Amino acid sequence: MVRILCMQKTLAIILKKQNLGETDRIITIFSPVFGKKRVVARAVRKPLSKLAGHLDTMMVSQLILTRQDDLPKITSAELVESFDNIRSSFTLLEKSFAITKIIERVILEDISQQTIFQFTLDALTRLDEQYAWNNVWLTFLSNLTDELGISITDFTCLNCAKKIQEDAAIILSDRRFICNSCLHERLQYKKISKNLIKVIQVLNKNKFDYVLRLQIPDIVAKEVEEVYLREITQWFNKPWQHYSAI
Ligand SMILES: [Zn+2]
C-alpha cells in the first residue's frame, strides 16, 4: 500500500528549541498560517544535518511539514532571514526575547495569525537593523494592544470629559485617564505625564517611518512601556475561550 503523506509549507519564526532523544529536537515555531506550533526536527543534532543551520532561535525559515495533528515533522527547512546582528549580540538578543516571550503567550495554536506575525517580524527586522529600540519596542506593544482590542484611544478625563493636556493619572482597570482636578483617593490610579499621552497618540496614528522621527526619552519610554505591559498582562489573566494555550 502506498502511503500518501500530504505536506504543508509555511514561513516560520523559530521561537524555541528543546532536545528530544539522542539527536532530535522539538522546535516551537510561529507561523502566519498555523500560529504557534510544536514540530519535530529529526536528526538535527547529528553532524552534517541538512536541517541544522536553518532552525536556530530567532531565525526565519521556510519549512515543509508533514500533516500530522500532534507533532508534525520538518522535512525541509530553508533559511530566509538569519538576523545575524541580533543573534551575535547579547543585548539585541535579550531585546528580541522580550518580543518573542510576549508573542508566545499571546498566539494561538493552529490558527492563522497573519497580522501578529507581520508586526512581530517587522519588530525583529527593525531590531536587527538597529533602529532606536524605544521606537521599535513601543510600536510593537502598540500594535499588539491594538490587535488584542485593548488599545488606549480615549484621551479625555473619565469624570469631567475634558481633553487631557497636562500631567494626569490613568485608571488602571479602565484604560482611561483622569485629570488632576477629578482625582480622588478611592480610585486605583497611577500618575502619568502629558508626554505619555503624546507618545501613545503618535503610536496610535502613525506608521513606523513617522514614529521613528520621534525622539522618545528613556524615562517617557519606560512610562509608556509600563502602561502597555500592564494592559497586556491583564489581558493574559482574562479567561479567553478560544485560547486554550494561555
Ligand atoms: Zn476631570
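The shown structure was predicted, so the numbers you read here are calculated from the model rather than taken from an experiment. (Residues numbered from 1 in each chain as written. Predicted model: local features only at pLDDT ≥ 70, side-chain atom pairs only at ≥ 80, totals over all residues. Heavy atoms only, no water.)

**What to know about the packing of aromatic side chains**
Between two aromatic rings, the relevant description is the distance of the centres plus the angle of the planes. Here is the rule we go by: Side-chain rings of Phe, Tyr and Trp (the six-membered ring for Trp) are treated as a pair once their centres are within 6.5 Å; stacked means planes under 30 degrees apart, edge-to-face means over 60, and tilted covers the remaining angles. Runs of E in the DSSP output that reach at least two residues are strands. Runs of H or I that reach at least four are helices, and both are numbered from the N terminus.
Evaluation of the coordinates by the stated rule reveals seven aromatic pairs. Their ring planes at 70 degrees and their centres at 5.2 Å tell us that F30 and F117 sit as a pair that is edge-to-face. Within this pair, whereas F30 is found in strand 2 (residues 24–31), its partner F117 is found in helix 3 (residues 114–128), the two being separated by 87 residues in sequence. A network of ring pairs unites the aromatic residues F119, W133, W137 and F140 as a single cluster.

**Some remarks on unusual backbone geometry**
Unusually for a residue other than glycine, A43 sits at a positive phi of about 55 degrees. Residue placement: A43 occurs in the loop between strand 3 (35–41) and strand 4 (60–66).

**Quick notes on the confidence of the model for the chain**
The line we're drawing: Within a predicted model, pLDDT stands for the predictor's per-residue confidence, ranging from 0 to 100. Here, two residues are considered to be in contact whenever any of their heavy atoms come within 4.5 Å of each other.
For the chain, the average pLDDT comes to 91, and 94% of its residues sit at 70 or higher. Residue range residues 239–246 is modelled with pLDDT below 50. Its contacts to residues more than four positions away, or to other chains, number 10 contacts.

**Considering helix 2 (residues 90–106)**
We count it as follows: In a helix, the anticipated span is given by 1.5 Å times the number of residues less one. Each residue is assigned to one of three classes by its accessible area relative to the maximum for its type, calculated with a 1.4 Å probe on protein chains only: buried under 20%, partly exposed between the two thresholds, exposed over 50%.
If you check helix 2, its first and last C-alpha atoms are 25 Å apart, about what 17 residues at 1.5 Å a residue would give, namely 24 Å. If you check which residues of helix 2 are buried, you get L92, S96, I99, T100, I102, I103, E104 and V106.

**So, the domain arrangement of the chain**
Accessible area lost upon the coming together of the parts is a frequently used measure of interface size. Selection rule: Bear in mind that the domain bounds are from an automatic or database domain assignment. The term buried area means the drop in 1.4 Å probe accessible area that two parts suffer when joined, counted for both and summed. The working definition used for a salt bridge is a side-chain nitrogen of Lys or Arg within 4 Å of a carboxyl oxygen of Asp or Glu. Side-chain classes follow a simple rule in which Ala, Val, Leu, Ile, Met, Phe, Trp, Tyr, Cys and Pro form the nonpolar group, Asp, Glu, Lys and Arg form the charged group, and the remainder, Gly included, forms the polar group.
Split into domains, the chain comes out as domain 1 (7–128) and domain 2 (133–237). A separation of 32 Å is found between the C-alpha centroids of domain 1 and domain 2. Facing the 14 residues of domain 1 at the interface are 15 residues of domain 2. Each partner contributes to the roughly 1,300 Å² buried at the junction of domain 1 and domain 2, and carbon and sulfur atoms together form 85% of this total. When residues of domain 1 are sorted by the area they lose upon contact with domain 2, I102, F119 and R126 head the list and together hold 43% of the total. Across the domain 1-domain 2 interface, the total number found is zero salt bridges. Every element with two or more residues in the side of domain 1 that touches domain 2 is listed here: helix 2 and helix 3. Classifying every residue of the side of domain 1 that touches domain 2 by side-chain character gives nine nonpolar, two polar and three charged.

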